[in-house]
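Each chain, letter by letter, is given below.
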Amino acid sequence: MPEKKEKVYSYSRLTTFEQCNLKFKFRYIDKIIPKLEKSIEAHLGSTVHSTLEWLYTQVKEGRIPSLDEVIIFYSQEWEKYYTPDFITQNSLTHQDYFNKGVEFIIVYYTEHKPFDDNTLEIEKRILIDLDEEGNYKIQGFIDRLSYNLKTKEYEIHDYKTANYPPSEEKMHKDRQLALYSIAIKNHYGKDKDVKLTWHFLAFNKRFHIKKSNDDLEKLKKETLELIKKIEETKEFPANKSKLCNWCEYKDMCPAWGNSPDSLKDLQKPKEDLDKYPTLSKYIKEEKLDEE
Ligand code: SF4
């Protein structure tokens, strides 16, 4: 009997399809590697994420780094992957973005020191079965997972560096952390409470929600329906929107009067992705797809 091949989807694969079918085709079907990850916002986001990851790893190992050390780490990470080619969509300079990151770190550090909310995992990989047979799975990474010994709650933390926070309605509809909470409940018990927490670093604000088991079952069903829809899709039209300004395929997008270069040239080996640190989660997800 032929071996059953399970299908593993990432959250970004689903959202890319919903954002623009053509972008989905470029990235996941044609496997076009973007020439350059251009956004300074993305660079800021990934540098702040890796700094907080480093901070909590140190704390887990029993050492609280000083604020100076954390800022030095941030500066080194910034430099390591910085290129003057990063573009910005507004009048801010690259130095302004660097400074923003320093500010985020200072405020976060001051507010959360001594970081004693019982961190269990950092950058935890999760994998969830969407159907009984285990044919369809979702995988992703949790920025940080903690367990509150007083309230007996697990908490999934997600860091955001965007300038504009989404509306409360959008947060309630957000699929990513809710899906990740299924993995936590599968591991620790369905009866456990899991809090979803977004840290909006630019506003020093936190937003929390909890999902019931019924909400999560419904979400699994909807996600599976979306995957089936993706698999049945034969046409991949462009969907022009303001998000195009952050699309790494804009310079080859016909909707903007551009045309793709030779696909062959662009379908480089996957190792080339390592040149694009700000696509780190995508890189990890793609590599895991191959496991
Ligand atoms: S630039 Fe816009 S329309 Fe074109 S692929 Fe990207 S998201 Fe789609």
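Since the structure is predicted, the reported quantities are computational estimates derived from the model, not experimental observations.

(A) Region of the structure containing the side chain of Arg144. The topology assignment puts Arg144 in strand β3 (residues 136–148). When its relative accessible area of 1% is taken as the criterion, Arg144 is described as buried. At 2.7 Å, the side chain of Arg144 and the side chain of Thr119 are in polar contact. Contacts of Arg144, omitting those with residues within four sequence positions, involve Tyr56, Tyr108, Asp117, Thr119, Glu121, Ile122, Glu155, Ile156, His157 and Tyr159.

(B) Seen up close, the side chain of Asn21. Residue position: Asn21 is located in helix α2 (residues 21–29). Of note is the side chain of Asn21, whose polar atom sits 3.0 Å from the backbone oxygen of Phe17. Non-local contacts of Asn21, meaning those with residues more than four positions away in its chain, are made with Thr233, Glu235, Phe236 and Pro237.

(C) Spotlight on the nonpolar core. Grouped together as the largest cluster of nonpolar side chains are 37 residues, with contacts concentrated most on Ile138, Ile156, Leu179, Tyr180, Leu196 and Trp198. For this core, the element with the most residues is helix α7 (residues 176–188), which contributes seven residues. Each residue touching Leu179, except ones within four places of it in the same chain, is listed here: Ile128, Leu130, Ile138, Leu219 and Thr223. Listed in part, the 23 residues of the second largest apolar core include Leu55, Val59, Phe86 and Phe104.

(D) Local environment of the site of the ligand. By nearness alone, every residue bordering the ligand is listed as Gln19, Cys20, Lys23, Ala238, Asn239, Cys244, Cys247, Lys250, Cys253 and Trp256. Of all the cavities here, the one that holds the ligand is the largest cavity. Residue composition of the shell around the ligand, by class: six nonpolar, two polar and two charged.

(E) Fine view of the pairing of strand β5 (residues 193–200). The element β5 is largely enclosed, with a buried count of seven among its eight residues. Here strand β4 (residues 153–160) pairs with β5 via eight bridges, running parallel. Its bridge partner lying in β5, His157 is registered against Thr197. Where β5 lies against strand β6 (residues 205–210), six bridges are found, and the strand directions are antiparallel. By the bridge assignment for β6, Lys195 is matched with Lys210. Between the end of β5 and the start of β6, which pair antiparallel, lie four residues, with Asn204 showing a positive phi angle near 50°.

(F) Inspection of the environment of Lys80 at higher detail. Relative to the helices and strands, Lys80 resides in helix α4 (residues 67–81). Since its relative accessible area comes to 52%, Lys80 is described here as exposed. Each C-alpha atom of the pair Lys80 and Thr47 lies 9.7 Å from the other, and the pair is 33 residues apart in sequence. Among the polar contacts listed, one links the side chain of Lys80 to the side chain of Glu77, at a separation of 2.9 Å.

(G) Local environment of the pattern of salt bridges. Overall, the coordinates contain 18 salt bridges when judged by the stated rule. A salt bridge links Glu18 to Arg175; its shortest N-O distance comes to 2.7 Å. Of this pair, Glu18 sits in helix α1 (residues 11–19) while Arg175 sits in the loop between α6 (168–173) and α7; the two residues are 157 residues apart in sequence, bridging distant segments of the chain. Put simply, Lys23 and Glu248 hold a salt bridge, and the shortest N to O gap is 3.9 Å. Of this pair, Lys23 sits in helix α2 while Glu248 sits in the loop between α8 (213–232) and α9 (263–266), placing them 225 residues apart in sequence. Per residue, the accessibility class of Lys23 equals that of Glu248, and both read buried. One salt-bridge network, in which partners are shared between bridges, spans Lys23, Arg27 and Glu248.

(H) Local environment of the packing of α1 against α8. Here α1 crosses α8 at 65°, and the two axes come no closer than 11 Å. When you trace α1 past α8, the crossing you get is left-handed. The segment α1 lies against α8, with Leu14, Phe17 and Glu18 engaging Thr223, Leu226, Ile227 and Ile230.

Rules behind the numbers
- Each chain carries its own residue numbering, running from 1 in the direction its sequence is written.
- Selection of residues for local features in this predicted model requires a pLDDT of at least 70, selection of side-chain atom pairs for listing and counting requires 80 or more, and totals for whole chains, interfaces and linings are taken over all residues.
- Heavy atoms from the whole structure form the basis of all side-chain values; hydrogens and water molecules are not counted.
- Secondary structure elements are taken from DSSP: a helix is a run of H or I of four residues or more, a strand is a run of E of two residues or more, and numbering for both begins at the N terminus.
- Summary of the burial criterion: residues with accessible area below 20% of their type's maximum are buried, those above 50% are exposed, and those between are partly exposed, where the area comes from a 1.4 Å probe applied to protein chains only.
- Side-chain atoms alone can form a polar contact between residues adjacent in sequence; in general such a contact is a pair of N or O atoms within 3.5 Å, and within protein one must be able to donate a hydrogen while the other accepts it.
- Two residues qualify as a contact provided that any one of their heavy atoms is within 4.5 Å of a heavy atom in the partner residue.
- What is meant by a nonpolar core is a set of buried Ala, Val, Leu, Ile, Met, Phe, Trp, Tyr and Cys residues, joined one to another through side-chain atoms within 4.5 Å.
- Nearness of a residue to a molecule or strand requires only that one of the residue's heavy atoms be within 4 Å of it.
- Put plainly, a pocket is an open set of points on a 1 Å grid over the protein atoms alone with protein on both sides within 12 Å along at least five of seven lines, a cavity is a set where a 1.4 Å probe fits but cannot get out, and a lining residue has an atom within 4 Å of a point.
- Throughout, a molecule is located in a cavity or pocket provided that more than half of its atoms lie within 2 Å of its grid points.
- Residues were grouped as follows: Ala, Val, Leu, Ile, Met, Phe, Trp, Tyr, Cys and Pro as nonpolar; Asp, Glu, Lys and Arg as charged; and all remaining residues, including Gly, as polar.
- Any two strands with at least two DSSP bridges between them are considered paired.
- Each salt bridge in this description consists of a side-chain nitrogen of Lys or Arg and a carboxyl oxygen of Asp or Glu lying within 4 Å of one another.
- Note on method: axes are straight lines fitted to C-alpha atoms, helices fitted across the in-contact stretch only, with angles between N-to-C directions ranging 0 to 180 degrees.
- Handedness of each helix crossing follows the sense of rotation of the near helix against the far helix: counterclockwise by less than a right angle gives left-handed, clockwise gives right-handed.

Keep in mind these values describe shape, not function.
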